[in-house]
Amino acid sequence: MDLAYTDQQKAFRAEVRAWLAANVPQEPLQSFDTAEGFKQHRAWEAKLNSGRWGMVTWPEALGGRGCDLIEWLIFEEEYWRAGAPLRVNQNGIFLLGPTLMEYGTAEQKKTSCRRWRPAPRCGRRAGLSRARAPTWRPSAPKPS
């Protein structure tokens, strides 16, 4: 069994690393449990979406990259390595979105999934007040 990364996976890692190096904010964002911090995190999500890095496992038709499991793990490794900000809309990306894509009605898919794609809507919680988010951020390992 060969557990080495393929050339395609290595190229993907290099692409992710380069994009993050050029785009991750130099200063930590404020906590997203504050109005200003929430605004900063939504702007970061918009930046991710502009490069189609916001929802890498989602289908390309919904703004993702259609990444497989290994590519997703590569993205996550590089994201944390770069010290990128915590995600403000994580539950929508990893729980609600995939659930609706798999089990939603045609109407839900038409109205909800496409609506999530534009960054200005990301991070909104229908009918809920903003939950208190953690203010810590794990330190990223230093590049070797």
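A few points on the structure. (Residues numbered from 1 in each chain as written. Predicted model: local features only at pLDDT ≥ 70, side-chain atom pairs only at ≥ 80, totals over all residues. Heavy atoms only, no water.)

**Structural notes on the packing of aromatic side chains**
Given two aromatic rings, their pairing is described by the distance between the two centres and the angle made by the two planes. Under the defined criterion, the tally for this structure stands at 8 aromatic pairs. A ring pair is formed by W72 and F94, whose centres lie 6.0 Å apart and whose planes are at 50 degrees; its orientation type is tilted. Here the residue W72 occupies a position in helix α3 (residues 69–81), and F94 occupies one in helix α4 (residues 90–103), the gap between them amounting to 22 residues. By relative accessible area, W72 is classed as partly exposed at 26%. An aromatic cluster is defined as three or more aromatic residues linked by ring pairs; in this entry it consists of F12, W19, W44, W53, F75, Y79 and W80. Across from the ring centre of Y5, 5.0 Å away, lies the NZ or CZ of R13, which sits over that ring. It is R65 that lies over the ring of W53; its NZ or CZ is 3.5 Å from the centre. (Phe/Tyr/Trp six-rings, centres within 6.5 Å; stacked < 30°, edge-to-face > 60°. Helix = DSSP H or I, 4+ residues; strand = E, 2+ residues; numbered from the N terminus. Buried < 20%, exposed > 50% of the residue type's maximum accessible area, 1.4 Å probe, protein only. Lys NZ or Arg CZ within 6 Å of the ring centre and 35° of its normal.)

**Some details on the pattern of salt bridges**
The final tally for this structure, using the stated rule, is 6 salt bridges. For E15, the salt bridge identified is with R65, shortest N-O distance 3.4 Å. Remark: R65 occurs in the loop between α2 (35–50) and α3 and E15 occurs in helix α1 (residues 7–23); sequence separation between them is 50 residues. The partly exposed category is assigned to E15, whose relative accessible area is 38%. Across the pair R17 and E78 runs a salt bridge whose closest N-O atoms are separated by 2.8 Å. Placement of R17 in helix α1 and of E78 in helix α3 is noted, with a sequence separation of 61 residues between them. Residue classification places R17 among the partly exposed positions, given a relative accessible area of 35%. (Salt bridge = Lys/Arg side-chain N within 4 Å of Asp/Glu carboxyl O.)

**Focus: the nonpolar core**
Ranked by size, the top nonpolar core spans 14 residues in total, and within it F12, W44, W53, F75 and Y79 carry the most contacts. Residue assignment for this core shows that the elements contributing at least two residues are α1, α2 and α3. Per element, the largest residue contribution to this core is 4 residues, and it comes from α1. Look past the residues within four positions of W53 in its chain and what remains in contact with it is F12, E15, V16, W19, L48, R65, F75 and R87. (Core = buried A, V, L, I, M, F, W, Y, C linked by side-chain atoms within 4.5 Å. Contact = heavy atoms within 4.5 Å.)

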